[in-house]
Amino acid sequence: DQQVKQNSPSLSVQEGRISILNCDYTNSMFDYFLWYKKYPAEGPTFLISISSIKDKNEDGRFTVFLNKSAKHLSLHIVPSQPGDSAVYFCAARDFSGATNKLIFGTGTLLAVQP
Amino acid sequence: DTGVSQDPRHKITKRGQNVTFRCDPISEHNRLYWYRQTLGQGPEFLTYFQNEAQLEKSRLLSDRFSAERPKGSFSTLEIQRTEQGDSAMYLCASSFAARTDTQYFGPGTRLTVL
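(A) Representation of the nonpolar core within the structure. Formed by 24 residues in total, the largest nonpolar core has its most connected members in Val4(A), Phe33(A), Trp35(A), Leu73(A), Leu75(A) and Tyr88(A). Those elements giving two or more residues to this core turn out to be strand 3 (19-25), strand 4 (30-38), strand 5 (45-51), strand 7 (62-67), strand 8 (72-77), strand 9 (86-94) and strand 11 (108-113) of chain A. Sort the elements by how many residues they give to this core and strand 9 of chain A lands first, with four residues. Counting 19 residues, the second-largest nonpolar core is a separate cluster that includes Cys23(B), Leu61(B), Ala67(B) and Leu77(B).

(B) Seen up close, the pattern of salt bridges. Applying the stated criterion across every chain yields a total of six salt bridges over all chains. Put simply, Asp84(A) and Arg61(A) hold a salt bridge, and the shortest N to O gap is 2.8 Å. Of this pair, Asp84(A) sits in the loop between strand 8 and strand 9 while Arg61(A) is found in the loop between strand 6 (56-59) and strand 7, placing the two residues 23 residues apart along the sequence. In this structure, Lys101(A) and Glu56(B) form a salt bridge, with 2.8 Å as the shortest nitrogen-oxygen distance. Placement of the pair is Lys101(A) in the loop between strand 9 and strand 10 (102-104) and Glu56(B) in strand 6 (residues 53-57), with the two residues belonging to separate chains. One network of salt bridges, with partners in common, ties together Arg64(B), Glu83(B) and Asp86(B).

(C) Structural context of the sheet that holds strand 7 (residues 65-68) of chain B. Residue and element names in this part refer to chain B. Spatially, four strands are ordered 1-3-8-7 in an open sheet, and the strand pairing comes out antiparallel. Whereas interior strands pair on both sides, the edge strands pair on one side only; in this sheet they are strand 1 (5-7) and strand 7. For this sheet the average axis-to-axis angle between neighbouring strands, irrespective of direction, equals 15 degrees. As paired strands, strand 3 (residues 19-24) and strand 8 (residues 75-79) are joined by five bridges and run antiparallel to one another. Within strand 8, the residue paired with Phe 21 across the bridge is Leu 77.

(D) Representation of the interface of chain A and chain B. Counting residues at the interface gives 20 residues for chain A, matched by 23 residues for chain B. Counting the surface lost from both chain A and chain B, the interface buries some 1800 Å², and carbon and sulfur atoms represent 54% of this. There are one salt bridge connecting chain A and chain B. Those elements that provide at least two residues to the side of chain A that touches chain B are strand 4, strand 5, strand 9 and strand 10 of chain A.

Calculation criteria
- Residues numbered from 1 in each chain as written.
- Chains lettered and ligands numbered in written order.
- Predicted model: local features only at pLDDT ≥ 70, side-chain atom pairs only at ≥ 80, totals over all residues.
- Heavy atoms only, no water.
- Core = buried A, V, L, I, M, F, W, Y, C linked by side-chain atoms within 4.5 Å.
- Buried < 20%, exposed > 50% of the residue type's maximum accessible area, 1.4 Å probe, protein only.
- Helix = DSSP H or I, 4+ residues; strand = E, 2+ residues; numbered from the N terminus.
- Salt bridge = Lys/Arg side-chain N within 4 Å of Asp/Glu carboxyl O.
- Pairing = 2+ DSSP bridges.
- Axes fitted to C-alpha atoms, helices over the stretch in contact; angles between N-to-C directions.
- Contact = heavy atoms within 4.5 Å.
- Buried area = accessible area lost by both parts, 1.4 Å probe.

Any functional reading would require information beyond the geometric quantities listed.
Listed below in structure tokens is the structure:
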């Protein structure tokens, strides 16, 4: 069963516009959510995170919104740049055990067109 | 500032051979994670170390897999009698025990089993 879902495999956006990447989760025990960016043949790079007690976190061009009642989060990138083209993974931290392991979605490929 | 490093970056082996991967975490990080990523999927948790203690192993980690973290520094992941289904990207991540506990990933080791 997929506890973290990214239902859009790909997204294409024009340079300068807003990119919105979505993520849904099912487990109420998740206490922290993170977004990672991944280029081919590289490991995931941490972008931004949000605690389950907050509904918004902003860092430069990146903003993450959390709607706990809907079990939904989104990553907004404004303005989008060609260098943002990559696969974006949503991850949730499982705090129910002692490990803080991350549960990842399947990723969304973002293409920013010049 | 050195991030998480992994060696080798690529490994091609024949079915039935043993392989060993190494991960060097960020120096002050006491937590270390191994994940596996296959095509079209997000990373999946394999195992977790806090200092030198291996505290959790995923059901994905069959008896052919073993991981160690002697002295709580670098870690090794060994796969014995490799199978074609073991072909994947093996990712290592580390974090410092704190409230945010953000995991930072290495570049990964791409394993191809022929």
